[in-house]
Amino acid sequence: MALPACAARALGPPLQPEQGAPARTTCPRRHSRVEAELAVSRPGSVAASVRVGPPRGVSHGFNSQPLLDEPLKASSSLAGAVHAPLFALLSRGRRRRMRDLRRRWDLGSLCRALLTRGLAALGHSLKHVLSAIFSKIFGPLASVGNMDEKSNKLLLALVMLFLFAVIVLQYVCPGTECQLLRLQAFSSPVPDPYRSEDESSARFVPRYNFSRGDLLRKVDFDIKGDDLIVFLHIQKTGGTTFGRHLVRNIQLEQPCECRVGQKKCTCHRPGKRETWLFSRFSTGWSCGLHADWTELTSCVPAVVDGKRDARMRPSRNFHYITILRDPVSRYLSEWRHVQRGATWKASLHVCDGRPPTSEELPSCYTGDDWSGCPLKEFMDCPYNLANNRQVRMLSDLTLVGCYNLSVMPEKQRNKVLLESAKSNLKHMAFFGLTEFQRKTQYLFEKTFNMNFISPFTQYNTTRASSVEINEEIQKRIEGLNFLDMELYSYAKDLFLQRYQFMRQKEHQEARRKRQEQRKFLKGRFLQTHFQSQSQGQSQSQNPSQNQSQNPNPNANPNLPPNLIQNLTQSLSQNSSQKENRASPKQNPGQEQPESNTSNGTHDYIGSVEKWR
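About the criteria used
Residues numbered from 1 in each chain as written. Predicted model: local features only at pLDDT ≥ 70, side-chain atom pairs only at ≥ 80, totals over all residues. Heavy atoms only, no water. Salt bridge = Lys/Arg side-chain N within 4 Å of Asp/Glu carboxyl O. Helix = DSSP H or I, 4+ residues; strand = E, 2+ residues; numbered from the N terminus. Buried < 20%, exposed > 50% of the residue type's maximum accessible area, 1.4 Å probe, protein only. Pairing = 2+ DSSP bridges. Phe/Tyr/Trp six-rings, centres within 6.5 Å; stacked < 30°, edge-to-face > 60°. Lys NZ or Arg CZ within 6 Å of the ring centre and 35° of its normal. Disulfide = S-S within 2.5 Å. Patch = residues over 30% accessible without salt bridge, like charges linked within 9 Å, V, L, I, M, F, W, Y side chains within 5 Å. Areas by Shrake-Rupley, 256 points an atom, 1.4 Å probe, with all protein chains shown as cover. Right-handed = clockwise from strand over helix to strand, strands pointing away. Core = buried A, V, L, I, M, F, W, Y, C linked by side-chain atoms within 4.5 Å. Contact = heavy atoms within 4.5 Å. 1 Å grid on protein atoms, 1.4 Å probe; cavity = no way out; pocket = protein on both sides within 12 Å on 5 of 7 lines; lining within 4 Å. Points joined across faces, edges and corners; volume = space filled by probe spheres on them. Nonpolar A, V, L, I, M, F, W, Y, C, P; charged D, E, K, R; others polar. Axes fitted to C-alpha atoms, helices over the stretch in contact; angles between N-to-C directions. Parallel < 35°, antiparallel > 145°, perpendicular 65-115°, else oblique.

Enquirer: Describe the pattern of salt bridges, naming the residues involved and giving the relevant values.
Expert: Summed over the entire model, instances satisfying the criterion amount to 15 salt bridges. Residue Arg316 pairs with Asp305 through a salt bridge whose shortest N-O separation is 3.1 Å. One end of the pair, Arg316, is in the loop between α12 (293-305) and β3 (318-324); the other, Asp305, is in helix α12, and eleven residues separate them in sequence. Residue class for Asp305 comes out buried when judged on its relative accessible area of 4%. The salt bridge involving Glu334 is made with Arg330; its shortest N-O contact spans 2.6 Å. Taken together, the residues span about one helical turn, with Glu334 and Arg330 both in helix α13 (residues 327-339) at a distance of four residues. Here the salt bridges do not stand alone but share partners, grouping Arg269, Glu274, Asp305 and Arg316 into one network.

Pasting the structure below:
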């Protein structure tokens, strides 16, 4: 087929095979390949221009000579040389688009090559830097072998170890907070789980002197008997969380049955259809909403045993428990709760057999609730029950004429209420503090000999903590709650002293058990050597008979008698010296141990056998 004149001019004169070139065959594909190779080698041809010249759109200023050494793809060089006549026949727009495509491919290949070369150069320089660092750190290893090879292997091992640790950490704990805790665990020692939750020092200077009976709170609570735990729930002290722990998070032979969608749980004693817990989540508000000490002490016995005859009522022990909170935080939390519409209108406030009158206990608002109340208005109300609420709910109101303020002067009334609240709090079976959740859990477990399933969580961010107040407002809140401030200081001191006392008692018991174990092991050691000594003497007299009747075949009959005698004498002297040092420290009313025997070692063994 004849080509047009423009195509013939673009193709140039016909190609002639060079000397020694393969002859033309009948295979068109092979003929095209040979013809293309000849076109490349021939100067002035289209393929040669593509081969020799730089890519389109790239100036000669780029260092593109190493890139030109690489063979170009057939789609851009050979195919263009072979199909040059057909390319000339295309329209102008189609040719422009094909040039743009080829220019883009050339620029993309150039960028990829430059990026590859740059990364290679960066890696090479980084390798030299790391080699210099490792040569400074691990100098002695340079004389052993090739430093580059050793540093590369060590660097690779460190990188692989770091990646493995990151993958494991992400799999075990994907959260950011947990990762920070894991990293802190590597850098710092394991903290005490009962460390002060407010980040203050665990040791403090006591302000009050308490007796041993006040500090040692260990209740002989028999859940199978008739004793009852009564929870006094003060508003906004974290009592809801603690009440849920009592019914859902405590290890019992017969756990409480809590159904989905119901607030109350069934907490029966093992083998009985009778509750062992009187609280919001077990019996409900049976004595009124947030009943105080005055209401509970007169209401609970009647509610529990009201249906029984007075002669058939069991002799119960009512163990009262409660939770206290910092007065300022509790006051702000109650204010925020009132802002959301809380009123506690269902509270009865029964005292001395009757509720208070409207003149004795006026209301601070006129509508259905006090929602949207500002803090200043909340503080300005003189009848606000939020003021000194913890003292009022823990004291015996019958001592001051209940809610009748005209019975005695205000100063005397405040003093009687504070002393009554302190006395009731001290004689309670247990009380905890919201600011010390882990210590609260520990003291409850030690007091009632009941363990929780999961540990308590300390929430440092609350609604009260989000309220920003200045120093003036804080002082005014403290002034409105001056009785609660004094009670909380007293309760915190007693709480921390009880905690330290119980921890010291626990350490002393653990130390005593370790000493008894050591005594037991020493006694076993002496018995073994005494048996081996007696068996060695009997075997020396009649070896054939004692060999058949040897009860301890592992004993060594060849021990030197002098060694055993010296060992027993030293042990007996040590034990007698310890008894002589301990005898002056004993009280005159206690019995003195019998240490005047001829052989102290036999008494020592006898005491061990008695302990066993």
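Enquirer: Explain the sheet that holds β3 to me, and be specific about the residues and the numbers.
Expert: Taking strand neighbours across the sheet as the criterion, the four strands line up as β2-β1-β3-β4 in an open arrangement whose pairing is parallel. Of all the strands in the sheet, the pair left with one neighbour each is β2 (277-278) and β4 (430-433). Relative to β2, strand β1 (residues 228-232) runs parallel, the two sharing two bridges. Paired with Val230 across the bridge in β2 is Phe278.

Enquirer: Can you break down the packing of aromatic side chains residue by residue, with the values?
Expert: Under the counting rule described, the total for this entry stands at 20 aromatic pairs. Judged by centre distance (5.1 Å) and plane angle (80 degrees), the rings of Tyr208 and Tyr490 are edge-to-face. Taken together, the residues span a long stretch of sequence, with Tyr208 in the loop between α9 (176-187) and α10 (212-215) and Tyr490 in helix α19 (residues 482-541) at a distance of 282 residues. In this structure Tyr208 comes out as buried when scored by relative accessible area, which is 19%. Here Phe221 and Phe448 contribute two aromatic rings whose centre-to-centre distance is 6.0 Å and whose plane-to-plane angle is 85 degrees, an arrangement assigned as edge-to-face. Highlighted residues: Phe221 in the loop between α10 and β1 and Phe448 in helix α17 (residues 437-448), separated in sequence by 227 residues. You'll find Phe221 and Phe448 in the same group, each marked buried. Ring-pair connections join several aromatic residues into one group, and the members of that group are Phe221, Phe231, Phe242, Trp276, Phe430, Phe444, Phe448, Phe452 and Phe456. One cation-aromatic arrangement involves Arg389 over Trp344; the distance from NZ or CZ to the ring centre is 5.6 Å. One Lys or Arg, Arg503, reaches over the ring of Tyr442 and ends 5.6 Å from the middle of that ring.

Enquirer: Got a sec to walk through the state of the cysteines? Specific residues and values, please.
Expert: Counted by the stated rule, this structure contains five disulfides. Between Cys256 and Cys267 runs a disulfide, and the two sulfur atoms are separated by 2.2 Å. Of note, the bridge from Cys256 to Cys267 carries an S-S torsion of about 120 degrees and is right-handed in sense. You can see Cys256 sitting in the loop between α11 (239-248) and β2 and its partner Cys267 sitting in the loop between α11 and β2, a full eleven residues away along the chain. When sorted by exposure, Cys256 lands in the same class as Cys267, which is buried. Each disulfide pairs two cysteine sulfurs, and for Cys258 the partner residue is Cys265, the sulfurs being separated by 2.1 Å. Disulfide Cys258 to Cys265: torsion about the S-S bond roughly 115 degrees, handedness right-handed. Given a relative accessible area of 26%, Cys258 falls into the partly exposed group. Since its relative accessible area comes to 3%, Cys265 is described here as buried. Free cysteine Cys373: the closest other cysteine sulfur is in Cys364, separated by 8.6 Å.

Enquirer: Any details on a nonpolar patch on the surface? Residues and values, ideally.
Expert: A cluster of nonpolar side chains, namely Leu156, Val159, Met160, Phe162, Leu163 and Val166, defines an oily patch on the protein surface of about 580 Å² accessible area. As for its placement among the helices and strands, Val166 is situated in helix α8 (residues 147-172).

Enquirer: Lay out the environment of Thr462 in plain terms, naming residues and giving numbers.
Expert: Structurally, the position occupied by Thr462 is in the loop between α17 and α18 (471-480). In the structure, Thr462 is positioned 129 residues away from Ser333 in sequence and 8.3 Å away in space, judged by C-alpha atoms.

Enquirer: Tell me about the pairing of β1, and please be specific about residues and values.
Expert: Among the five residues in β1, five count as buried, and that is most of the element. Across five bridges, the pairing between β1 and β3 is parallel. From the neighbouring strand, Leu232 faces β3, where its bridge partner is Thr322. In this region the chain leaves β1, passes through α11 and returns to the parallel neighbour β2; the handedness of that crossover is right-handed.

Enquirer: For the nonpolar core, give the residues involved together with the corresponding values.
Expert: Ranked by internal contacts, the top residues of the largest apolar core, which has 71 residues, are Phe242, Trp276, Leu296, Ile321, Leu394, Phe444 and Phe448. Examining the composition of this core, we find that eleven residues originate from one element, α19, more than from any other. Discounting chain neighbours no more than four positions away, the residues touching Leu394 are Leu232, Ile234, Trp293, Thr322, Leu324, Ser420, Ala421, Asn424, Leu425, Met428 and Leu487. In terms of nonpolar packing, the next biggest core, distinct from the first, is built from 17 residues, Leu289, Trp335, Ala386 and Val467 among them.

Enquirer: Describe empty space enclosed by the protein, naming the residues involved and giving the relevant values.
Expert: Going through the model one piece at a time under the given rule, you end up with four cavities of 30 Å³ or more. Approximately 100 Å³ is the volume found for the largest cavity. Split by residue class, the lining of the largest cavity holds seven nonpolar, six polar and one charged. Every residue lining the second largest cavity is listed: Leu215, Arg217, Ala429, Phe430, Phe431, Leu443, Lys446, Thr447, Phe495, Arg498 and Met502. Among the secondary structure elements, those contributing two or more residues to the lining of the second largest cavity are β4, α17 and α19. Split into classes, the residues belonging to the lining of the second largest cavity amount to seven nonpolar, one polar and three charged.

Enquirer: With reference to specific residues and values, describe the packing of α13 against α18.
Expert: Contact pair α13 / α18: the axes reach a minimum separation of 10 Å and the direction vectors enclose 95 degrees. As summarised for this structure, α13 and α18 are arranged roughly perpendicular, according to the angle between their axes. Residues Val328, Tyr331 and Leu332 of α13 lie in contact with α18, whose contacting residues are Gln474, Ile477, Glu478 and Leu480. Considered class by class, the residues forming the contact of α13 with α18 number five nonpolar, one polar and one charged.

Enquirer: Can you lay out α11 for me, pointing to particular residues and giving the numbers?
Expert: Considered for burial, the residues of α11 that qualify are Gly239, Phe242, Gly243, His245, Leu246 and Val247. Contacts from the buried residues of α11 go to β1, β2, β3, β4 and α17.

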